Amino acid sequence: MNPHTKLLSSLSLILGTTITISSTHWVMAWAGLELNTLAIIPFISKSHHPRAIEATIKYFLVQATASALLLFSSMTNAWSTGQWDITQLTHFTSSLLLTVAIAMKLGLVPFHFWFPEVLQGSSLTTALLLSTMMKLPPTALLFLTSHSLNPTLLTTMAIASVALGGWMGLNQTQLRKILAFSSIAHLGWLAAVITYNPELALLTFYLYILMTTTVFLTLSSTKALKLTTLMTSWTKSPTLNATLMLVLLSLAGLPPLTGFLPKWLIIQELTKQEMTPTATIIAILSLLGLFFYLRLAYHSTITLPPNSTNHMKLWHLPKPTNTTIAILATLSVLTLPLSPLILTIT
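All values reported here derive from a predicted model rather than from experimental measurement. (Residues numbered from 1 in each chain as written. Predicted model: local features only at pLDDT ≥ 70, side-chain atom pairs only at ≥ 80, totals over all residues. Heavy atoms only, no water.)

### Quick notes on unusual backbone geometry
Inference 1: Here the bond from Val109 into Pro110 is cis, since omega is 10°, no more than 30 degrees from zero.
Inference 2: For Pro110, the position within the fold is in the loop between helix H4 (92–106) and helix H5 (114–120).
Inference 3: The omega angle of the peptide bond from Pro255 to Pro256 is 5°, so this bond is cis rather than trans.
Inference 4: Structurally, the position occupied by Pro256 is in the loop between helix H12 (238–252) and helix H13 (260–272).
Inference 5: Not every positive phi belongs to a glycine, and His48 is a case in point at roughly 60°.
Inference 6: Relative to the helices and strands, His48 is located in the loop between helix H2 (26–45) and helix H3 (50–81). (Helix = DSSP H or I, 4+ residues; strand = E, 2+ residues; numbered from the N terminus.)

Spelled out as structure tokens, the structure:
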């Protein structure tokens, strides 16, 4: 990619995200989302591979539809109430349309079809941006309007997302698709609690970003794109692969790792809100996700290929592990176990 194009796209991406997060007017939020969508397109399509072009077109069409719905929702609200303020979403139809628009932006079920395909057609770095930074503006809008949204619709989407995210990830061998379904499942947990405790939903989102970034950077470092290459990547950096196993288990939500914290608090909050059946269902459905995380962890460190693979066993990485990966991996694994100590010190 041309350095000037890369710089311009990166700055537009940051600017679009900042505009949406900091805006109080619907039109400014919409403009930020549009800027974001246009800025990420060169990153997805930079390889000029047919799959990348297909992913770009799918991404653009879905995001354009979602943005149009969001604008229509805000205009309907303004027409009936005279308010353009984001927090003043009181019209029932507008809140339903907004929920659908944000679900499309985030990739919640039943608007999830584009997400795994787009991630599969992108490079690991672009897939990281799509899974983390591009989900920040819609989540911010969800946070600002959480008091106006329909809890029943969001809970239904949340249960369906956790179920489908776990179910569809079981049969995948491509790592980017597995992480896409993992993202859908995690955002299902977020959607389940956003109307009852928006701050907890934000904490869930931040920890999801932390763990997902660590996994993507590790895979990018070892250049692993599917399970068969992950099986032979242990020769490159055994320590990094062992850390990856712990981060994957944290992403699965196993105690006492960091990923257990949001799940624990969400189940506690839903129980307080007398939504014990919902809490029970999503807790049971998360076992589906646990299976494919365990499979990834097993492939990354515990197993050796039982037969000859098509990939050469590469020797150690030419350069030492990135300091950023080391810091992120430590936080992804030890934030929960060390939290009592941190609270005691502060």
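Back to the write-up after that little detour.
### A look at the UniProt feature "transmembrane region" (unreviewed entry) in the chain
Inference 1: In the numbering used here, UniProt assigns the feature "transmembrane region" (unreviewed entry) to residues 57–75, 95–115, 152–170, 177–194, 200–219, 240–261, 281–304 and 325–345.
Inference 2: The straight-line gap between the two end C-alpha atoms of residues 57–75 is 27 Å; of that span, 100% is helix and 0% is strand.
Inference 3: Taken end to end, residues 95–115 is 67% helix and 0% strand, and its first and last C-alpha atoms sit 23 Å apart. (UniProt positions renumbered as here; feature names shortened; annotations may be inferred.)

### Describing the environment of Gly165
Inference 1: Positionally, Gly165 belongs in helix H8 (residues 151–169).
Inference 2: The exposure class of Gly165 is buried, given its relative accessible area of 0%.
Inference 3: C-alpha separation for the pair Gly165 and Ala180, spaced 15 residues apart in sequence, amounts to 8.2 Å.
Inference 4: Among all residues touching Gly165, those that are not within four sequence positions of it are Phe181, Ile184, Ala185 and Phe292. (Buried < 20%, exposed > 50% of the residue type's maximum accessible area, 1.4 Å probe, protein only. Contact = heavy atoms within 4.5 Å.)

### Here we look at the pattern of salt bridges
Inference 1: Taken as a whole and judged by the stated rule, the model has 3 salt bridges.
Inference 2: Notably, a salt bridge pairs Lys58 with Glu117, separated by 4.0 Å at the nearest N-O pair. Here Lys58 is found in helix H3, whereas its partner Glu117 is found in helix H5, with 59 residues between them in sequence.
Inference 3: Judged by relative accessible area, which is 28%, Lys58 ranks as partly exposed.
Inference 4: Linking Lys177 and Glu117 is a salt bridge whose minimum nitrogen-to-oxygen distance equals 3.5 Å. Highlighted residues: Lys177 in helix H9 (residues 175–193) and Glu117 in helix H5, separated in sequence by 60 residues. (Salt bridge = Lys/Arg side-chain N within 4 Å of Asp/Glu carboxyl O.)

### Some thoughts on the nonpolar core
Inference 1: One finds Ile40, Tyr59, Leu130, Leu175, Val215, Leu219 and Leu230 to be the most contacted residues of the largest nonpolar core, which totals 52 residues.
Inference 2: Counting 37 residues, the second largest nonpolar core, distinct from the first, contains Met157, Phe205, Met275 and Ala279. (Core = buried A, V, L, I, M, F, W, Y, C linked by side-chain atoms within 4.5 Å.)

### A closer look at the side chain of Ser182
Inference 1: For Ser182, the location among the structural elements is in helix H9.
Inference 2: According to the relative accessible area criterion, Ser182 is buried, its value standing at 2%.
Inference 3: Discounting residues that sit within four places of it in the chain, Ser182 has contacts with Leu251, Phe292 and Tyr293.

### A short note on the domain arrangement of the chain
Inference 1: Along its sequence, the chain is carved into domain 1 (1–122) and domain 2 (150–307 + 318–345).
Inference 2: Relative to domain 2, the C-alpha centre of domain 1 lies at a distance of 24 Å.
Inference 3: Taken together, the contact pairs 17 residues of domain 1 with 18 residues of domain 2.
Inference 4: When the two sides are added together, the surface that domain 1 and domain 2 hide from each other amounts to roughly 1,600 Å², 73% of it contributed by carbon and sulfur.
Inference 5: The three residues of domain 1 that bury the most area against domain 2 are Leu108, Val109 and Gln120, which together make up 36% of that side's buried surface.
Inference 6: Scanning the region where domain 1 abuts domain 2 turns up 1 salt bridge.
Inference 7: Counting the contacts that link domain 1 with domain 2 gives 5 residue pairs in polar contact (both at pLDDT 80 or more). (Domains from an automatic or database assignment. Buried area = accessible area lost by both parts, 1.4 Å probe. Polar contact = N/O pair within 3.5 Å; in protein donor to acceptor, adjacent residues only side chain to side chain.)

### Quick word on the environment of Leu170
Inference 1: Within the secondary structure, Leu170 sits in the loop between H8 and H9.
Inference 2: Residues Leu170 and Leu288 lie 118 residues apart in sequence; the distance between their C-alpha atoms is 7.4 Å.
Inference 3: The contacts of Leu170, once residues within four sequence positions are left out, are Leu288, Phe291, Phe292 and Arg295.

### Description of the packing of H4 against H8
Inference 1: Two elements in contact, H4 and H8, have axes whose closest approach is 10 Å; the angle formed by their N-to-C orientations is 20°. When the interaxial angle is binned, H4 and H8 end up roughly parallel. For the crossing formed where H4 meets H8, the hand is right-handed. Between H4, through Leu96, Thr99 and Ala103, and H8, the contact on the second element is made entirely by Leu153, Leu154 and Met157.
Inference 2: Looking at the contact of H4 with H8 residue by residue, the classes come out as 5 nonpolar, 1 polar and no charged. (Axes fitted to C-alpha atoms, helices over the stretch in contact; angles between N-to-C directions. Parallel < 35°, antiparallel > 145°, perpendicular 65-115°, else oblique. Left-handed = near helix turned anticlockwise from the far one by under 90°. Nonpolar A, V, L, I, M, F, W, Y, C, P; charged D, E, K, R; others polar.)

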